[in-house]
Amino acid sequence: MAITYNFDEILDRTKERSKTWDFRTLKPGQLPMNGAETHFTCPYPVLDAVREVASCQVYGYPYFTEDFENAAAGWMKRRHGWDVDPSWVQFVGGIVPGIAFAIQAMTNVGDKVLINTPAYDPFRGVIQNNDRVLVESALKIDCAKNLVEFDWEDMEKKFSDPACKAFILCDPHNPTGKCCTREELAKIAELSEKYGVFVIVDEVHADFVFSGMKHTSYPTVSDWAKNFSAVTMNPSKTFNVAGFRTGAIIIANKEIRDKVAVKIMAVKGISRTITGVAAFEACYDGRCDDYADQALSYVEKLRDEVYDFFQKRIPKITMLKPEATFVCWLDCRGLGMSHEDMMKFFTEVGTLMGNGLEYDQELGRGFVRMAYAFPRAQLMGALEKLANAVDKL
């Protein structure tokens, strides 16, 4: 029987050690719109599963069953149409650790790894901290036309470099909210095959794809894509369980999967947490499908309302209307401020935004990333306060 969730409920976050809701620094009246997470309750089956583990009197070394792999594979097949064999699934401690293991397995020190910009900054860190060379290809972005495109000429130029050995594909894309079409993914697969570049995919936002778009898992576009890629997944965004640090990497090619497994074993990265596994399995094994459906519907309505609000009430800020995700890319150059003054302005208003410079030192100047998956009253109250402050400029 389906459970109905109340996403309008404003939660008390003061009892958590939340990085986003850090009340050691968060001032009264400020809304942290800079963190990429939702602000809704976790699904009740997840709460029940974790509480069941917590009710034990000993938290010793656990054993694990195939339920973890079956849950991940089932979710991908049920929700995204990719027929994953459970044997392809390996535990990792999150999206970025999974990407790190794939980079270590499929590239060598000094090799180049490509990303699209603006980019989630930890992608840069995971490349450079593993002594690989960061290469960037800027997306073509037009906020006014709601357009985000790959620069295919530049992409091929970067792929064709013999030193470029891997490409990190973020789909749906953070921070723009772009959802790749099947045709775009097929082009990436063609470049990968032509130049032998391994594709590592971050699909953490895949469950928030809005009407008119459809998420396609990259490995489904061709046999090459399936056999020369790794996909990372994590229930953190969909179900608000980031604190468990429990994700998975899916690799169809056994030879590559074994190479990645060696890197995981090198740091004993197989050590799962008892609560994280309980949450992961509850999220993905079918108990929380109703939550995912309702969260998507609620967030899509927020997306539409926020977009209309910026157009009508704050036209000096142009919102790139996302096709997916619960974050959006805002062009704030119309405020007529320096980037530094702009960030100070948002802080003083109480609408804390993600600094665009963290996503790209050039493309991000005059831009911010805003997360909007809040209870509606909380979100719109903050935006109304922002609109009033802009009116007074």
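Residues numbered from 1 in each chain as written. Predicted model: local features only at pLDDT ≥ 70, side-chain atom pairs only at ≥ 80, totals over all residues. Heavy atoms only, no water.

**Focus on the packing of aromatic side chains**
What the rule picks out here adds up to 25 aromatic pairs. Where Phe-345 meets Phe-346, the ring centres are 5.9 Å apart and the plane angle is 55°; that geometry is what we call tilted. The two residues Phe-345 and Phe-346 agree in class, both being buried. One aromatic cluster is present, formed by Tyr-5, Phe-7, Phe-40, Tyr-44, Phe-68, Trp-75, Phe-91, Phe-239, Phe-280, Tyr-284, Tyr-291 and Tyr-298 through successive ring pairs. Across from the ring centre of Phe-68, 4.6 Å away, lies the NZ or CZ of Arg-272, which sits over that ring. (Phe/Tyr/Trp six-rings, centres within 6.5 Å; stacked < 30°, edge-to-face > 60°. Buried < 20%, exposed > 50% of the residue type's maximum accessible area, 1.4 Å probe, protein only. Lys NZ or Arg CZ within 6 Å of the ring centre and 35° of its normal.)

**Some points on the sheet that holds strand S2 (residues 89–92)**
The strand order S2-S10-S9-S8-S7-S3-S4 describes an open sheet built from 7 strands, whose pairing is mixed. The sheet terminates laterally at S2 and strand S4 (133–138), the two strands that pair on one side only. Across the sheet, the mean angle separating the axes of adjacent strands is 25° when strand polarity is ignored. Sitting on the sheet, helix H5 (residues 152–159) touches strand S3 (112–117), S4 and strand S7 (164–170), and the angle it makes with S4 is about 160°. (Pairing = 2+ DSSP bridges. Helix = DSSP H or I, 4+ residues; strand = E, 2+ residues; numbered from the N terminus. Axes fitted to C-alpha atoms, helices over the stretch in contact; angles between N-to-C directions. Contact = heavy atoms within 4.5 Å.)

**With respect to the packing of helix H3 (residues 95–106) against helix H9 (residues 254–266)**
Relative to each other, H3 and H9 sit at 115°, their axes nearing to 8 Å. When the axes of H3 and H9 are compared, the pair comes out roughly perpendicular. Our pair here, H3 against H9, has a crossing hand that is right-handed. Counting all contacts with H3, which are made through Phe-101, Ala-102, Gln-104, Ala-105 and Met-106, the residues of H9 involved are Ile-256, Lys-259, Val-260, Lys-263 and Ile-264. Residues that form the contact of H3 with H9 fall into these classes: 7 nonpolar, 1 polar and 2 charged. (Parallel < 35°, antiparallel > 145°, perpendicular 65-115°, else oblique. Left-handed = near helix turned anticlockwise from the far one by under 90°. Nonpolar A, V, L, I, M, F, W, Y, C, P; charged D, E, K, R; others polar.)

**A short note on the pattern of salt bridges**
The tally for this structure, following the rule as stated, stands at 25 salt bridges. A salt bridge links Asp-22 to Arg-24; its shortest N-O distance comes to 2.8 Å. Looking at Arg-24, the relative accessible area reads 75%, which means it is exposed. With its nearest N and O atoms 3.9 Å apart, the salt bridge here joins Arg-124 to Asp-360. Taken together, the residues Arg-124 in helix H4 (residues 122–128) and Asp-360 in the loop between strand S14 (354–355) and strand S15 (367–371) connect sequence positions 236 residues apart. An identical accessibility class is assigned to Arg-124 and Asp-360; each is buried. Salt bridges linked by common partners bring Arg-78, Arg-79, Asp-289 and Asp-293 together as one network. (Salt bridge = Lys/Arg side-chain N within 4 Å of Asp/Glu carboxyl O.)

**Overview of empty space enclosed by the protein**
Here the structure, examined in full by the defined rule, presents 6 cavities of 30 Å³ or more. As a volume, the largest cavity reaches approximately 60 Å³. Forming the boundary of the largest cavity are Trp-75, Met-76, His-80, Glu-203, Val-204, Ala-206, Asp-207, Met-233, Asn-234, Thr-238 and Tyr-284. Here the lining of the largest cavity takes 3 residues from helix H2 (residues 67–80), the largest share from any one element. Taken together, the residues of the lining of the largest cavity break down into 6 nonpolar, 3 polar and 2 charged. (1 Å grid on protein atoms, 1.4 Å probe; cavity = no way out; pocket = protein on both sides within 12 Å on 5 of 7 lines; lining within 4 Å. Points joined across faces, edges and corners; volume = space filled by probe spheres on them.)

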